[in-house]
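Structure assessment
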Amino acid sequence: MTGPEPHLSPRERERFDECVLPYLDAAYNLARYLLRDGHEAEEAVQEAFLRAIRHFSGFRGADGRAWILSIVRNTCYTQLRRRRAGGEVVEFDEETHSLEEELSAPEANLARSMAAASLHEGLGQLATEFREVLVLRELEGLSYKEIAHVTGVPMGTVMSRLARARKHLRVALGTGASEGV
Amino acid sequence: MASEHVLGRLSPFLDDELDPVASREVSRHLESCPECSAALARQRELGEGLRRDLEYHRAPDLLRARVLRDVHAAGRPDRARWAAAPQWRWLGAAAGIVAVVGGAWMLTALPRERADDATTREAVSGHIRSLMADHLTDVASTDQHTVKPWFNGRIDFSPPVTDFASAGYPLVGGRLDYLRGHEVAALVYLHRKHVINVFVWPVAGADGGLAPAVTQRGYHAIHGTRTGMAYWVVSDLNVEELAAFARMVTAPSGKP
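Below or above, wherever it landed, is the structure these notes cover. (Residues numbered from 1 in each chain as written. Chains lettered and ligands numbered in written order. Predicted model: local features only at pLDDT ≥ 70, side-chain atom pairs only at ≥ 80, totals over all residues.)

1. Focus: the overall build of chain B
- Helix and strand counts for chain B come out as seven helices and eight strands.
- Per-residue burial over chain B gives 40% buried out of 256 residues.
- Taking the intrachain contacts of chain B between residues at least 6 apart in sequence as the baseline, contacts between residues at least 24 apart amount to 61%. (Helix = DSSP H or I, 4+ residues; strand = E, 2+ residues; numbered from the N terminus. Buried ≥ 20, exposed ≤ 12 C-beta atoms within 10 Å, placed from the backbone. Contact = placed C-beta atoms within 7 Å.)

Here you go:
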């Protein structure tokens, strides 16, 4: 870890407790869905909060939730990149990406035939970026503007990404393969 | 608006994120198009399913304690050295052992306690109180050599403090608490994400072993005495593991 020693003045500490700390659950929930591992999620969230403390003096906004969630997601993506390092890195592509694993045709058919696959499993098959917008929208109830803030992409991209995420999820669940959405 | 355009907008329509004009057009189309309405119903079902079936993962107590510790540490003007220490690795590290010499802390003994209902009730209340946000620990550290001296000057006895991380019961910190109107030391441990509070105070000549666990409000409390100290060990952990932990805590020289 780099950067200055984490330090908060008494006033900053008060503001941190008020604006950021209440979103510890939200932070963990997001990390948990992005990394899909409890231990790694805990590590990422703690690191994210240390970063948040370190950079808190630069936080001027009112929306502490979007702010801490954006730090958490960046920390998680760094961790995911590290995890993939050594293996081949598949950069996320809005248009072409569907399921996270490149499934061979028979496997894809098998996946599709598992109509009874739970939502959780279906979500797990999505690319991280799709899983992320679904969690932020459905579990966290964020607006497109807030999601744009967290993920650092334009609102139009949030809109299309969410639509695609929902479509891919239905495909993964075997309930929407025929739908032209 | 044609069906294909409507289908492409159902997702933001459902999220109430379309501009008013587009939203009205979609609504109008839906009134007269059963296919698009059915697609909307499926979309809505998916969202409801996600909100209903997906688990919202709340931060585990261990993580909460660690983040709070970092925040506390950052807010302290004289930042203690341990605050910047690398996180997590300690879990695997074997704990050092402090030999606890009993008897030295009986100078100001509280009235001798029995394992009675009132104390149990207060110990359980103290445990529940401690789980409320931001009040688990006054000194948050996994280092017994930090926690033990922290009590110096805060209470007039020195509680035995041992990290049992190697046995799966890491020390998380300590704080001052009150039981039966007296200041007592509270040591906080974790076991598989369960928080364990150990309340300690001196009693004259006490060396009576462990009492059977008592259950109140879903929490288990075990009372023990050992070399001049009274202990209340409280947690929602299962009785067997809590009793095993209580035996370690009250063992001679606190060996795991």
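From this point on, the discussion continues.
2. Overview of the overall build of chain A
- Check the secondary structure of chain A and you find nine helices and zero strands.
- When the helices and strands of chain A are placed in sequence order, the string is α-α-α-α-α-α-α-α-α.
- In chain A, buried positions account for 41% of the 181 residues.

3. Quick notes on the interface of chain B and chain A
- The interface of chain B with chain A comprises 33 residues on the first partner and 36 residues on the second.
- For the side of chain B that touches chain A, the elements supplying multiple residues, two or more each, are helix 1 (3–14), helix 3 (34–53) and helix 4 (61–75) of chain B.
- Of the residues belonging to the side of chain B that touches chain A, the class tally is 16 nonpolar, eight polar and nine charged. (Nonpolar A, V, L, I, M, F, W, Y, C, P; charged D, E, K, R; others polar.)

4. Some points on helix 9 (residues 155–173) of chain A
- When the terminal C-alpha atoms of helix 9 of chain A are compared, their 27 Å separation across 19 residues agrees well with the 27 Å that a helix rising 1.5 Å per residue should span.
- Remark: Gly-174 of chain A follows helix 9 of chain A within two positions and exhibits a positive phi of approximately 75°. (Expected span 1.5 Å × (residues − 1).)

5. Considering the pairing of strand 2 (residues 171–179) of chain B
All names here are of chain B.
- A large share of strand 2 lies buried, amounting to seven of its nine residues.
- Pairing of strand 1 (residues 139–140) with strand 2 involves two bridges; the strand directions are antiparallel. Bridge assignment links Ala-140 to a residue of strand 2, and that residue is Gly-173.
- When strand 2 meets strand 3 (residues 182–191), the two strands line up antiparallel, connected through eight bridges. Considered in strand 3, the bridge of Gly-173 is made with Val-188. (Pairing = 2+ DSSP bridges.)

6. Section: the environment of Glu-132 of chain A
Residue and element names in this part refer to chain A.
- Structurally, the position occupied by Glu-132 is in helix 7 (residues 128–139).
- Here the alpha-carbon distance between Glu-132 and Arg-73, two residues 59 residues apart in the chain, equals 8.7 Å.
- Not counting chain neighbours up to four residues away, the residues in contact with Glu-132 comprise Leu-34, Arg-73 and Thr-151.

7. A short note on helix 2 (residues 20–32) of chain B
- A rise of 1.5 Å per residue sets the reference length of helix 2 of chain B, with its 13 residues, at 18 Å; its end C-alpha atoms lie 19 Å apart and thus fit the reference within 8%.
- In terms of burial, helix 2 of chain B is a largely surface element, one of the 13 residues being buried.

8. Considering the nonpolar core
- Ala-27, Ala-31, Val-45 and Val-72 of chain A together with Val-233 of chain B are the most contacted members of the largest nonpolar core, which totals 106 residues.
- Sequence-distant contacts of Ala-31 of chain A, that is, excluding residues within four places in its chain, are made with Ala-41, Ala-44, Val-45, Val-72 and Cys-76 of chain A.
- In terms of nonpolar packing, the next biggest core, distinct from the first, is built from six residues, Val-6, Leu-7, Val-26 and Ala-39 of chain B among them. (Core = buried A, V, L, I, M, F, W, Y, C linked by C-beta atoms within 7 Å.)

9. Section: unusual backbone geometry
- In the Ramachandran plot, Arg-36 of chain A falls in the positive-phi region, its phi being about 55° despite a non-glycine side chain.
- Following the sequence through the fold, Arg-36 of chain A ends up in the loop between helix 2 (24–35) and helix 3 (38–54).
- Here the phi dihedral of Asp-16 of chain B falls at roughly 60°; this positive angle occurs in a residue that is not glycine.
- For Asp-16 of chain B, a count of 9 C-beta atoms within 10 Å corresponds to the exposed category.

10. Digging into the environment of Val-198 of chain B
- Looking at the element boundaries, Val-198 of chain B is found in strand 4 (residues 194–202).
- Here the alpha-carbon distance between Val-198 of chain B and Val-184 of chain B, two residues 14 residues apart in the chain, equals 9.9 Å.

11. Quick notes on the pairing of strand 7 (residues 219–226) of chain B
Residue and element names in this part refer to chain B.
- For strand 7, a buried count of eight out of eight residues is recorded, marking the element as mostly surrounded by other parts of the structure.
- With burial as the criterion, each face of strand 7 is covered, one bearing Tyr-219, Ala-221, His-223 and Thr-225 and the other bearing His-220, Ile-222, Gly-224 and Arg-226.
- Strand direction decides the pairing type here: strand 5 (residues 209–210) and strand 7, joined by two bridges, are antiparallel. Paired with Gly-209 across the two strands is Thr-225, which belongs to strand 7.
- In terms of strand pairing, strand 6 (residues 214–216) meets strand 7 through three bridges, oriented antiparallel. Residue pairing across strands places Thr-215 opposite His-220, the latter belonging to strand 7.
- Hairpin connection from strand 6 to strand 7: two residues lie between these consecutive antiparallel strands, with Arg-217 at a positive phi of about 50°.
- As paired strands, strand 7 and strand 8 (residues 229–235) are joined by seven bridges and run antiparallel to one another. Note on strand 8: the bridge partner recorded for His-223 is Trp-232.
- Between the antiparallel neighbours strand 7 and strand 8 lie two residues, among them Thr-227 with a positive phi of about 35°.

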